[in-house]
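Inside the fold
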Amino acid sequence: FPVTIVGIASSSGKLRDLFGDGRWSLWGRGCFGAISVMTSFAAIGAIGIGEASFLNASSGVFTATLAPVFLRQRNSLRVWIAIAGAIFGLFLLFEPRFDDSHPWGRVLGLTSGLCVSIAYLMISRAGRSNPPNVVIFYFCMVAVVFHLVIFAVWPTVWPSSLGTYALMAGAGVAGSIGQAFLTRAYQEAPAALNSAISYLLPVLNLVVGVLLFDRVPDTKAWVGVSVVVVFGVMLPLVRLSNRERAA
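Everything in this summary refers to the structure shown in the same document. The shown structure was predicted, so the numbers you read here are calculated from the model rather than taken from an experiment. All residue numbers here refer to positions counted from 1 along the written sequence of the relevant chain. Whole-chain, interface and lining totals are the exception, using all residues; otherwise, since this is a predicted model, local features are given only for residues with pLDDT of at least 70 and side-chain atom pairs are given and counted only at 80 or more. The basis for the side-chain values is all heavy atoms of the structure; hydrogens and waters are excluded.

1. Some remarks on the packing of helix H2 (residues 24–47) against helix H6 (residues 103–126)
To characterise two packed helices, one gives the angle between the axes of the helices and the distance between these axes. Note on geometry: axes are C-alpha line fits, over the in-contact stretch for helices, and angles between N-to-C directions span 0 to 180 degrees. Elements are defined by DSSP. Helices are runs of H or I of four residues or more, strands are runs of E of two residues or more, and each kind is numbered from the N terminus. As a packed pair, H2 and H6 sit with axes 7 Å apart at the nearest point and diverge in direction by 155 degrees. When the axis of H2 is compared with that of H6, the two are roughly antiparallel. Like other packed secondary-structure pairs, H2 and H6 cross with a definite hand, here left-handed. Per-class residue counts for the contact of H2 with H6 are 16 nonpolar, 10 polar and three charged. Roughly parallel refers to an angle under 35 degrees, roughly antiparallel to one over 145, roughly perpendicular to one between 65 and 115, and oblique to any angle outside these ranges. Crossing handedness follows the turn of the near helix against the far one: under a right angle anticlockwise gives a left-handed crossing, and clockwise gives a right-handed one. In this classification, Asp, Glu, Lys and Arg are treated as charged, Ala, Val, Leu, Ile, Met, Phe, Trp, Tyr, Cys and Pro as nonpolar, and every other residue, Gly included, as polar.

Shown next as structure tokens:
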């Protein structure tokens, strides 16, 4: 995706436009976005995907808390209820244990949540004067530099199967498309509202697991899914519907 962006910009003679206005929030989106990705995967390796995903979900709380500071966006009580309810649903879905002795894994999980929330806020700020392709370009550019440094100083084991590389390429394409929609969403709607609705992601992951991998969740997980859908998705949409009727 970043190669496509650069290629299109080069062929049309607009490569310089990819750097936008160079405001600090563009660099902040790249830096905090890259750190959130690395700490998220590190947390999964340390404490498992369930607990790591639950801690990463703290991004919604961080986003709602910091939005008034960074974006001058006030959050209604409905948004806070949506975020709190969605996090409770994720607790039921992921069943975090909190019973091992790996505090650094939890620190990494919370760090990932904090960094991704700041990255989202940077998208909102940078998007006021830059199109989505510029914001995405900065994220990709900074993330590549960060990862090259990690690969240079940290022992790395590369996959040996071509099928694994194909799966990684597919994940990259899907993730790039998701980045484009995510960037546009944070440019068009309040950050806290986007954070609440983004809790639908683990629900969709669960559905994909059922359809493709025959991983049927237990009753508690289905209850968690229902709570996430009601609080994290339906409640913010009701808020939007009410606003549209008032307008």
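From this point, the discussion proceeds with the structure in view.
2. A look at the packing of aromatic side chains
Note on aromatic pairs: the rings of Phe, Tyr and Trp (six-membered ring only in Trp) are paired at centre separations within 6.5 Å, and the planes decide the class, stacked below 30 degrees, edge-to-face beyond 60, tilted for the rest. In the structure shown here, the tally under the stated rule is six aromatic pairs. A centroid spacing of 4.9 Å and a plane angle of 90 degrees characterise the contact between Trp27 and Tyr138, whose relative ring orientation is edge-to-face. In this pair, Trp27 sits in helix H2 while Tyr138 sits in helix H7 (residues 132–153), placing the two residues 111 residues apart along the sequence. Buried means the residue's accessible area, taken with a 1.4 Å probe over protein chains only, is under 20% of the maximum for its type, while exposed means over 50%, and partly exposed covers the values in between. Here Trp27 falls in the partly exposed class, since its relative accessible area comes to 39%. Three or more aromatic residues joined by ring pairs form one cluster here, namely Phe19, Trp27, Phe137 and Tyr138. Only lysine NZ and arginine CZ atoms are considered, and such an atom sits over a ring when it is within 6 Å of the ring centre and within 35 degrees of the ring normal. In this arrangement the basic side chain of Arg29 is found over the ring face of Phe139, its NZ or CZ atom lying 4.2 Å from the centre.

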